[in-house]
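Summary of the model geometry
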Amino acid sequence: AAPASTTKLLTALVVLDYCEPEEIVRVGREIQRIGPSSSTIWLQIGDRLSVEHLLDGLVLSSGNDAAYALAVYTGRMIAGDDPLTIDDALALFIEKMNEKARELGAVSSRFTTPDGFDADGYSTAADLARIGLAFFEHDLLREIAGTRRLEVEWACGKTASHRSFVEMLYPDSEYYFPQLIGGKTGFTKRAGNCAVTAAELDGQLYVCVVLNGETRQSRWQDSLTLYQAAAAL
């Protein structure tokens, strides 16, 4: 299945394999690579912000511009002194995404972009669960993915607000699940409505993956049903 923006779980993991959260990224022309009608965090060329603030935008607001800024910055970090073009930095980053996926046991997947936007990549629920497990075992990523609302000031002085799309985190939602740790949504026409979430039940970490849901609501209903079944075991 097409993983859409759940791809960003893997993007975040690869970034933190090579970069420290406090490093400052200068945004370049790579943000012009995003597809039409992409979700963004309104980055502009020349903006300066930390890796952590880009990860906030990647995970919470699902910013495709954040995905490209992180991928190119990280690709260049991996290459060291070699001043890579945008294309070469992206190619190197995507190579590392696929290596990381295989390392985590996600062997039935292929990733072709850092944001998952209508790309020709593919994955499976089992593979995304393996990637999700690694993601939610990472303290910083777990914290970001469990945040409902956030306001931050970037290094260049701009402010940004984020609000999680994960309805199961909100007590006033009919899909609220108190044991939920956090999650990441995805949607494209090709992928349908997707969600990768994690919850702690009896001290155990559970990861739930819903792909190709018919509606935004159905992915939460399906996730809730699966967690309730797991809790009843």
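Everything that follows concerns the structure shown earlier in this document.
Below you will find a few notes about this structure. Everything numeric here is computed off the predicted structure, so don't read it as measured data.

The sheet built from 3 strands is open, its strands ordered β5-β6-β7 with antiparallel pairing. Only two strands of the sheet have a single neighbouring strand rather than two, namely β5 (180–188) and β7 (204–213). Averaged over neighbouring strand pairs, the angle between their axes works out to 10° when direction is ignored. Bridging between strand β6 (residues 192–201) and β7 involves 8 bridges; their strand directions are antiparallel. From the neighbouring strand, alanine 195 faces β7, where its bridge partner is valine 210. Packing of helix α5 (residues 125–136) onto the sheet brings it into contact with β5, β6 and β7, and relative to β7 it is tilted by some 135°. Relative to β6, helix α7 (residues 216–231) is tilted by about 30°, and along the sheet it contacts β5, β6 and β7.

Look at alanine 4: it is not a glycine, yet its phi comes out positive at around 50°. Mapped onto the secondary structure, alanine 4 falls in the segment before α1 (7–18). Unlike most non-glycine residues, serine 62 shows phi in positive territory, near 55°. Take serine 62: it is sitting in the loop between α2 (51–59) and α3 (64–79). On the basis of relative accessible area, serine 62 is assigned to the buried category, the value being 5%.

Attention now moves to the nonpolar core. Leu43, Val51, Leu54, Leu55, Leu58, Ile131 and Phe135 are the most contacted members of the largest nonpolar core, which has 55 residues in total. If you list the elements that add at least two residues to this core, you get α1, α2, α3, α4 (86–103), α5, α6 (139–145) and β6. Excluding residues that lie within four positions of it along the chain, leucine 54 makes contacts with Val25, Ile41, Leu43, Leu49, Ala66, Ala69 and Leu70. By size, the runner-up hydrophobic cluster in this structure holds 16 residues, among which are Tyr175, Ala199, Leu201 and Tyr227.

This next bit is on α7. Given 3.6 residues to a turn, an α-helix orients residues that are three or four positions apart in the same direction. The terminal C-alpha atoms of α7 lie 23 Å apart, and with 16 residues this matches the ideal 22 Å at 1.5 Å per residue to within 8%. Taken residue by residue, α7 has Ser218, Arg219, Trp220, Ser223, Leu224, Tyr227 and Ala230 as its buried positions. The elements touched by buried residues of α7 are β5, β6 and β7.

Turning our attention to the pattern of salt bridges. Evaluation of the coordinates by the stated rule reveals 6 salt bridges. Here lysine 100 makes a salt bridge to aspartate 17, at a shortest N to O gap of 3.0 Å. Of this pair, lysine 100 sits in helix α4 while aspartate 17 sits in helix α1; the two residues are 83 residues apart in sequence, bridging distant segments of the chain. Since its relative accessible area comes to 12%, lysine 100 is described here as buried. Residue classification places aspartate 17 among the partly exposed residues on the basis of a relative accessible area of 44%.

Where α1 meets α5, the closest approach of the two axes is 9 Å, and the angle between their N-to-C directions is 45°. The angle between α1 and α5 places the two elements in the oblique class. Here the hand of the crossing between α1 and α5 comes out left-handed. Counting all contacts with α1, which are made through Leu9, Leu10, Ala12 and Leu13, the residues of α5 involved are Ile131, Gly132, Ala134 and Phe135. Its residues assigned to classes, the contact of α1 with α5 comprises 7 nonpolar, 1 polar and no charged.

The rules behind these values
Residues numbered from 1 in each chain as written. Predicted model: local features only at pLDDT ≥ 70, side-chain atom pairs only at ≥ 80, totals over all residues. Heavy atoms only, no water. Pairing = 2+ DSSP bridges. Helix = DSSP H or I, 4+ residues; strand = E, 2+ residues; numbered from the N terminus. Axes fitted to C-alpha atoms, helices over the stretch in contact; angles between N-to-C directions. Contact = heavy atoms within 4.5 Å. Buried < 20%, exposed > 50% of the residue type's maximum accessible area, 1.4 Å probe, protein only. Core = buried A, V, L, I, M, F, W, Y, C linked by side-chain atoms within 4.5 Å. Expected span 1.5 Å × (residues − 1). Salt bridge = Lys/Arg side-chain N within 4 Å of Asp/Glu carboxyl O. Parallel < 35°, antiparallel > 145°, perpendicular 65-115°, else oblique. Left-handed = near helix turned anticlockwise from the far one by under 90°. Nonpolar A, V, L, I, M, F, W, Y, C, P; charged D, E, K, R; others polar.

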